[in-house]
Amino acid sequence: MLQSLAGSSCVRLVEQHRSAWCFALLVLGYLLYLVFGAVVFSSVELPYEDLLRQELGKLKQRFLEEHACLSEQQLEQFLVRVLEASNYGVSVLSNASGNWNWDFTSSLFFASTVLSTTGYGHTVPLSDGGKAFCIIYSVIGIPFTLLFLTAVVQRIIVYVTRRPVLYFHIRWGFSKQVVAIIHAIVLGFITVSCFFLIPAAIFSVLEDDWNFLESFYFCFISLSTIGLGDYVPGEGYNQKFRELYKIGITCYLLLGLIAMLVVLETFCELHELKKFRKLFYVKKDKEEDQVNIMEHDQLSFSSISDQAASMKDDQKANEPFVASQSPTSNDSSLNN
C-alpha cells in the first residue's frame with residue numbers, strides 16, 4: 001500500500017511539473033548534441049589539420065634551404081603580413097590582383113551578407129570609419145531586415161500555405177491536418193529543388209574549383225545564415241560578368257532566405273509541432289487566467305455599456321425637436 005501511495009505521489013509530482021522536466025531534458029539533449037558534434041568534428045578534421053601542418057612545415061624548410069640568403073625571421077615576417085592582408089580579403093597572388101573587394105557590386109554583396117547575418121568574413125572593413133559605419137549600419141539594418149522579411153513572409157504564406165490548405169479542406173473534404181502535412185512536405189521538396197539542388201548544379205558549372213557537393217554545401221551554409229566563408233562565389237580569376245554575377249548571387253540569397261522562412265513557418269504551423277513545442281513552455285497559472293478573463297469581461301461589459309449609452313444619445317439626437325412644456329404652464333392651463 002505504501003508503495004502504491006509513493007508511486008501515485010511520484011506520478012502526481014511529475015504531472016504537476018511536466019513542463020519543467022521536459023525543459024530539463026531539452027537542455028540536457030542540447031548539451032549532449034553539442035558534445036556529440038565536437039567529438040565528431042574533432043575526430044574527422046584533426047588528422048587533416050595535422051597533415052596540412054606537416055606539409056606546410058616541409059615547404060617552409062625546403063624554401064629556406066633553396067634561398068639561403070633569406071633568414072627564417074624575415075620569411076615569417078613576410079608571411080604574417082600576407083596572412084593579415086588575406087584576412088582582410090586582399091591577396092598578393094598575381095591571379096587575384098585584378099579583383100577589387102570594394103567596388104559597387106562587391107559592396108552590395110557585402111551589405112546583403114551583413115544585413116542577413118550571413119557574414120562570410122572574406123571581406124571586412126579596413127578603415128576605422130568603415131568599421132564604425134558597419135556597426136551603425138548593422139544596428140539599424142538588422143532589425144529593419146527582420147521587419148522586412150517578417151512582412152514579406154506573412155504575405156507570402158497566406159497565398160502559399162493557408163489558402164491552399166483551406167481549399168483542399170473545404171472543397172474536397174480532406175482532413176486539415178493531413179492536408180497541412182502533405183503540403184509542408186511538398187513545399188519543402190520544391191524549396192530544396194529550387195534553392196539547393198538547381199543552384200548547386202549551376203554553381204558547379206560557373207565555379208571552376210567547385211564540385212556539386214561543395215556547391216550544395218555553399219547553398220546550405222549561406223541560406224542557413226551560417227556563412228563560414230570558406231566558399232564564396234565570384235572570387236575566381238578572370239570571372240566572367242563578375243558584377244552581374246555578384247548581383248545575381250545577392251538576389252539569390254535574399255529570395256532563398258525568404259523561401260527558407262516560408263518553409264519554416266509552414267512547418268511551425270503544423271498542429272503536431274505546436275503540441276510538441278508546448279511541452280517545453282511555461283504554463284500560465286489559473287489565477288492569471290482568471291484575472292485575464294475578468295479583465296476581458298469587464299472591458300467587454302464596459303464597452304457594451306458605452307455602446308448602449310452612445311446609441312441612446314444618437315437616438316435622442318435624431319429624434320425631431322419637441323418643445324417641452326413646463327409644469328407651471330400646465331397648471332395654469334388647468335386652472336383656466
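Nothing here was measured: the structure is a model prediction, and the numbers come from that model. (Residues numbered from 1 in each chain as written. Predicted model: local features only at pLDDT ≥ 70, side-chain atom pairs only at ≥ 80, totals over all residues. Heavy atoms only, no water.)

Regarding the overall build of the protein chain
So, point 1. The helix and strand tally for the protein chain stands at 11 helices and 0 strands.
So, point 2. Reading the secondary structure of the protein chain in the N-to-C direction produces α-α-α-α-α-α-α-α-α-α-α.
So, point 3. Out of the 336 residues belonging to the protein chain, those deemed buried represent 21%.
So, point 4. Contacts in the protein chain between residues far apart in sequence, at least 24 positions, make up 59% of those at least 6 positions apart. (Helix = DSSP H or I, 4+ residues; strand = E, 2+ residues; numbered from the N terminus. Buried < 20%, exposed > 50% of the residue type's maximum accessible area, 1.4 Å probe, protein only. Contact = heavy atoms within 4.5 Å.)

Structural notes on the confidence of the model for the protein chain
Parts of the prediction with low pLDDT should not have their coordinates interpreted in detail.
So, point 1. Overall, the prediction assigns the protein chain a mean pLDDT of 79, with 76% of residues at 70 or greater.
So, point 2. The low-confidence segment residues 296-308, where pLDDT is below 50, has 0 contacts with residues more than four positions distant or belonging to other chains.
So, point 3. Counting interchain partners and residues more than four positions distant, the pLDDT-below-50 stretch residues 314-336 has 1 contact. (pLDDT = per-residue confidence, 0-100.)

A few points about the nonpolar core
So, point 1. With 16 residues, the main nonpolar core has F203, C219, Y252 and L253 as its most contacted residues.
So, point 2. If one sorts the elements of this core by residue count, helix α8 (residues 242-268) sits on top with 5 residues.
So, point 3. Beyond its immediate stretch of four places on either side in the chain, C219 contacts F195, F196, P199, A200, F203 and Y252.
So, point 4. Residues V153, I258, V262 and V263 belong to the second largest nonpolar core, which totals 7 residues. (Core = buried A, V, L, I, M, F, W, Y, C linked by side-chain atoms within 4.5 Å.)

So, the side chain of S215
So, point 1. Its location among the elements puts S215 in helix α7 (residues 212-223).
So, point 2. In terms of polar contacts, S215 uses its side chain to reach the backbone carbonyl oxygen of N211, at 2.9 Å. (Polar contact = N/O pair within 3.5 Å; in protein donor to acceptor, adjacent residues only side chain to side chain.)

Digging into the environment of V139
So, point 1. Among the secondary structure elements, V139 is positioned in helix α5 (residues 128-171).
So, point 2. According to the relative accessible area criterion, V139 is exposed, its value standing at 57%.
So, point 3. Residues V139 and L115 lie 24 residues apart in sequence; the distance between their C-alpha atoms is 9.3 Å.

Notes on the packing of α5 against α8
So, point 1. The N-to-C vectors of α5 and α8 enclose an angle of 60°; their axes lie 9 Å apart at closest approach. By the angle between their axes, α5 is oblique relative to α8. Regarding α5 and α8, the two cross each other, and that crossing is right-handed. Contact residues: L149, V152, V153, I156, I157, V160 and T161 in α5; L257, I258, L261, V262, E265 and T266 in α8.
So, point 2. Broken down by class, the residue content of the contact of α5 with α8 amounts to 10 nonpolar, 2 polar and 1 charged. (Axes fitted to C-alpha atoms, helices over the stretch in contact; angles between N-to-C directions. Parallel < 35°, antiparallel > 145°, perpendicular 65-115°, else oblique. Left-handed = near helix turned anticlockwise from the far one by under 90°. Nonpolar A, V, L, I, M, F, W, Y, C, P; charged D, E, K, R; others polar.)

Here we look at the pattern of salt bridges
So, point 1. Throughout the structure, instances matching the rule amount to 4 salt bridges.
So, point 2. K60 serves as the salt-bridge partner of E72, at 3.2 Å between the closest nitrogen and oxygen. Of the two residues, E72 is situated in helix α3 (residues 72-87) and K60 in helix α2 (residues 18-66); the sequence distance between them amounts to 12 residues.
So, point 3. Its relative accessible area of 43% is what places E72 among the partly exposed residues.
So, point 4. One salt bridge in this structure joins K60 and E76, with 2.6 Å as the shortest N-O distance. With a gap of 16 residues between them, K60 in helix α2 and E76 in helix α3 connect regions that are remote in the sequence.
So, point 5. Look at K60 and you get partly exposed, because its relative accessible area is 25%. (Salt bridge = Lys/Arg side-chain N within 4 Å of Asp/Glu carboxyl O.)

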